[in-house]
Amino acid sequence: MTNSRQLKVNNLFPSNIGGLKQTQYENNLVNFIVNNMKPISITENKDFQKLILDLDPNIKMISRRTVGRRINDNYNNVLNSLKLFFQTHCEVRVCTTADIWSTKHRSFIGITAHWIDDKTLGRHSCVLACQRFFGAHTFDKIGEIMVDIFSKFNLSNDNIVSTVTDNGSNFVKAFKEFGCKIKTSNNDSDTDSDGDMDKDLNEDNELSFLVVDENDDGDILLPQHLRCASHTLSLLATTDFQNILKNSNAKKYHHPALSKCSTLWNLSRKPKSSEVISNIINCSLIYPVITRWNSLYDSISQLIKHKAKLNTLTRDLGLKYQFNETDISYLTEFVLLMKPIACALDHLQSESNFYYGHLIPTLFSLKSRLLILKEQHLRYTFTFIDPLITSLEKRFKLYFDLSPEVDEAILASCFHPTFKLRWIPEHDEIMKNRVKNLCINIAEKYIENSSHTEFSVDNVDDEDFLIFSSQEQCFDSRANLEVVQFFNNKNKALTCLDSYPTIKKLFIRYNTSLPSSAPVERLFSFAGFIHAPNRSNLSNTNFEKLVFLKGNDIYR
């Protein structure tokens, strides 16, 4: 009875069931190719076809050309969805990151976008492009391509609060020539004679702390430029450290110890010696990568973790040298010295729960942690501490001086519940008052502008017509009250911003930016897998679509 009834049910909609399975197969195949960075040709692989047909012989295998059309349909759907989102949410403020990635024969420019949800305060991200870059990487071509990509997504300088790049000279010059001319305007700094204070308030009632002086170089106008703090900080651990080392007596300890480490790292790449290493320490050795300084710190940290077995390693590998006590002591101190920098770099390269307001507190904390190392009575690396602190202060001078040029970063930290004014040294009352007044002034301007937009000629009666100076004080009192209450609130959770509507708006405005261009670098990390050597014939168009879909997986 059951079998016959089941047969009747199957006979009612046989074509629909088959169609659903076929559609599901095709969708899953596209997701499998995109998410796992597999070649499109896998659909014509006999073993792959057998795997599918053995599971369901009714599935109709599709050609690579059909898969290409499905990928193209997915690409257009995601592209149009993102365009529609930015078009219908013109009030959203966006931070973008940009970089150029080169293979042996081709170059691509990648751009990502990031914004904060005004309800959850969570960060959202998407890939805007991974587009082929033809010719020399000149600053003018970079400017043209970036403007074209932004316009394709209906993004203008009214939407984009900043673009973060590394310190490459071509990007720096592009923003210097075509970027917004930024001039700070607040009560603690002089206003440019050509500045217009009314420009502090933009059209959609959101306070823009920046006065934007647009250039006259054609149609190219780029957003505010932020240099990647992670890239700058990595220079502290590489270029600056090497310069300090040249003038230090510790180089007689550094070079021999690192030379022995390098020998182990080189041997770990060979099958036979790698097996010996794995048998002794129960894991493979990680080794430094030239493009990521943190990998050096991680590699030495791993060796120190297994320091008791290092000489067993050198003996079983047939090496003529051993790690002496001086080598181990120096490497231990090197890890201790560089740990604050490595932690700061990891911190700055976060994305989902990281905001621009983290930058200054991170820099202040890094300096404090380096100063604390003076209490460790280091034998070999003690003389490195002061020069490293000096280099840190030099590279981030504007931030440590809390100069008006970095007022946006200051406001981002102050309007973040975790930091508020806690990161400012307690003894520096002058600076604390200056920052507090800055926050109140910004909040006052925002409240005043919002109140003005609610003012309408139609609803003005005779009693409301007269305006007195006491009414102007209401803005200051309201802003002062909300800012002071916020600073006195000990709650560090972002949810506390719901009680401070003005502060919440300002939090979103100033924390939208990222301190690092790490997201676009992550984009290129899986672009490298897609553009593998055995896929060198992959066309530019298909490559761009695959990277775009992989980066926008959550929107598919």
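All of the points below concern the structure found in this document. (Residues numbered from 1 in each chain as written. Predicted model: local features only at pLDDT ≥ 70, side-chain atom pairs only at ≥ 80, totals over all residues. Heavy atoms only, no water.)

1. Looking at the overall build of the protein chain
Here is step 1 of the chain: Across its full length, the protein chain holds 22 helices and 7 strands.
Here is step 2 of the chain: Within the structure as shown, the protein chain displays about 29,200 Å² of accessible surface, and the carbon and sulfur contribution to it stands at 50%. (Helix = DSSP H or I, 4+ residues; strand = E, 2+ residues; numbered from the N terminus. Areas by Shrake-Rupley, 256 points an atom, 1.4 Å probe, with all protein chains shown as cover.)

2. Quick word on the pattern of salt bridges
Here is step 1 of the chain: Taken as a whole and judged by the stated rule, the model has 13 salt bridges.
Here is step 2 of the chain: Its salt-bridge partner being K260, residue D327 comes within 2.5 Å of it at the nearest N-O pair. Of the two residues, D327 sits in helix α12 (residues 325-348) while K260 sits in helix α8 (residues 251-267), which places them 67 residues apart along the sequence.
Here is step 3 of the chain: Residue K260 is classed as buried on the basis of its relative accessible area, which comes to 13%.
Here is step 4 of the chain: The salt bridge partner of K397 is D401, with a shortest N-O separation of 2.8 Å. (Salt bridge = Lys/Arg side-chain N within 4 Å of Asp/Glu carboxyl O. Buried < 20%, exposed > 50% of the residue type's maximum accessible area, 1.4 Å probe, protein only.)

3. Regarding the packing of helix α13 (residues 359-372) against helix α14 (residues 382-395)
Here is step 1 of the chain: The interhelical angle for the contact between α13 and α14, taken along N-to-C directions, is 165°, at an axis separation of 10 Å. It follows that α13 is roughly antiparallel to α14 by the angle criterion. The handedness of the crossing between α13 and α14 comes out as left-handed. Along its contact with α13, which presents L363, L366, K367, L370 and L371, the element α14 presents I385, I389, L392 and E393.
Here is step 2 of the chain: Grouping the constituent residues of the contact of α13 with α14 by class yields 7 nonpolar, no polar and 2 charged. (Axes fitted to C-alpha atoms, helices over the stretch in contact; angles between N-to-C directions. Parallel < 35°, antiparallel > 145°, perpendicular 65-115°, else oblique. Left-handed = near helix turned anticlockwise from the far one by under 90°. Contact = heavy atoms within 4.5 Å. Nonpolar A, V, L, I, M, F, W, Y, C, P; charged D, E, K, R; others polar.)

4. A few points about the packing of aromatic side chains
Here is step 1 of the chain: Enumeration over the complete set of coordinates arrives at 23 aromatic pairs.
Here is step 2 of the chain: Where F85 meets W115, the ring centres are 5.2 Å apart and the plane angle is 35°; that geometry is what we call tilted. Within this pair, whereas F85 is found in helix α4 (residues 64-88), its partner W115 is found in strand β2 (residues 107-116), the two being separated by 30 residues in sequence.
Here is step 3 of the chain: Grouped by ring-pair contacts, the aromatic residues F241, Y253, Y330, F334, Y380 and F384 constitute a single cluster.
Here is step 4 of the chain: Positioned above the aromatic ring of Y287, the side-chain terminus of R269 is 4.1 Å from the ring centre.
Here is step 5 of the chain: The ring of F486 carries the charged tip of K420 above its face, separated from the ring centre by 4.9 Å. (Phe/Tyr/Trp six-rings, centres within 6.5 Å; stacked < 30°, edge-to-face > 60°. Lys NZ or Arg CZ within 6 Å of the ring centre and 35° of its normal.)

5. Points about the packing of α8 against α12
Here is step 1 of the chain: It is at 9 Å that the axes of α8 and α12 come closest, and there the two elements cross at 95°. Between α8 and α12, the angle falls in the class roughly perpendicular. Contact residues: Y253, H254, A257, L258, K260 and C261 in α8; T326, D327, Y330, L331 and F334 in α12.

6. Points about the environment of F543
Here is step 1 of the chain: The topology assignment puts F543 in helix α22 (residues 540-551).
Here is step 2 of the chain: Residues F543 and R132, 411 residues apart in the sequence, show an inter-C-alpha distance of 9.2 Å.

7. A closer look at helix α6 (residues 169-178)
Here is step 1 of the chain: Inspection of α6 places F171, V172, A174, F175 and F178 among the buried residues, and these make up the whole buried set. Down the axis of α6, the sector holding all buried residues measures 160°, keeping them to one side. Opposite the buried face of α6, by more than 90 degrees, sit the exposed residues S169 and K176.
Here is step 2 of the chain: Of the surrounding elements, those touching the buried residues of α6 are β1 (94-102), α5 (139-152), β4 (160-165) and β7 (225-227). (Arc of directions from axis to C-beta.)

8. Points about the state of the cysteines
Here is step 1 of the chain: Under the defined criterion, the tally for this structure stands at 0 disulfides.
Here is step 2 of the chain: Not engaged in a disulfide, the cysteine C414 finds its nearest cysteine sulfur in C439; these two sulfurs lie 3.7 Å apart. (Disulfide = S-S within 2.5 Å.)

9. With respect to the pairing of β2
Here is step 1 of the chain: Within β2, 10 of the 10 residues are buried, which leaves it mostly tucked inside the rest of the structure.
Here is step 2 of the chain: As paired strands, β1 and β2 are joined by 8 bridges and run antiparallel to one another. For S102, the partnering residue across the bridge sits in β2 and is S107.
Here is step 3 of the chain: With antiparallel pairing between neighbouring strands as the criterion, β1 and β2 make up a hairpin whose turn holds 4 residues. (Pairing = 2+ DSSP bridges.)

10. Thoughts on the environment of S516
Here is step 1 of the chain: Mapped onto the secondary structure, S516 falls in the loop between α20 (501-511) and α21 (518-530).
Here is step 2 of the chain: It is 9.6 Å that separates the C-alpha atoms of S516 and T232, two residues lying 284 residues apart in sequence.
Here is step 3 of the chain: Residue contacts for S516: discarding those within four places in its chain leaves T97, V164, C228, S230, L348 and Q349.
Here is step 4 of the chain: Among the polar contacts made by the side chain of S516, one reaches the side chain of S230 at a distance of 3.1 Å. (Polar contact = N/O pair within 3.5 Å; in protein donor to acceptor, adjacent residues only side chain to side chain.)

11. Topic: the side chain of E333
Here is step 1 of the chain: Checked against the element boundaries, E333 lands in helix α12.
Here is step 2 of the chain: Nearest to the buried, unbridged E333 among oppositely charged side chains is R379, at 6.7 Å.
Here is step 3 of the chain: Of the polar contacts made by the side chain of E333, one reaches the backbone nitrogen of Y380; its length is 2.8 Å.
Here is step 4 of the chain: Ignoring anything within four residues of it in the chain, the contact list for E333 reads L378, R379, Y380 and T381. (Lys, Arg positive; Asp, Glu negative; His and termini not counted.)

12. Examining the sheet that holds β2
Here is step 1 of the chain: Read from one edge to the other, the open sheet built from 5 strands follows the order β3-β2-β1-β4-β7, with strand pairing classed as mixed. Edge positions in the sheet fall to β3 (123-132) and β7, since each of these pairs with one other strand and no more. Sheet twist, expressed as the average angle between the axes of neighbouring strands with direction ignored, equals 25°.
Here is step 2 of the chain: The pairing of β1 with β4 spans 4 bridges and is classified as parallel. Of the residues in β4, the one forming a bridge with T96 is T163.
Here is step 3 of the chain: Contacting β1, β2 and β3, α22 crosses the sheet at an angle of about 175° to β3.

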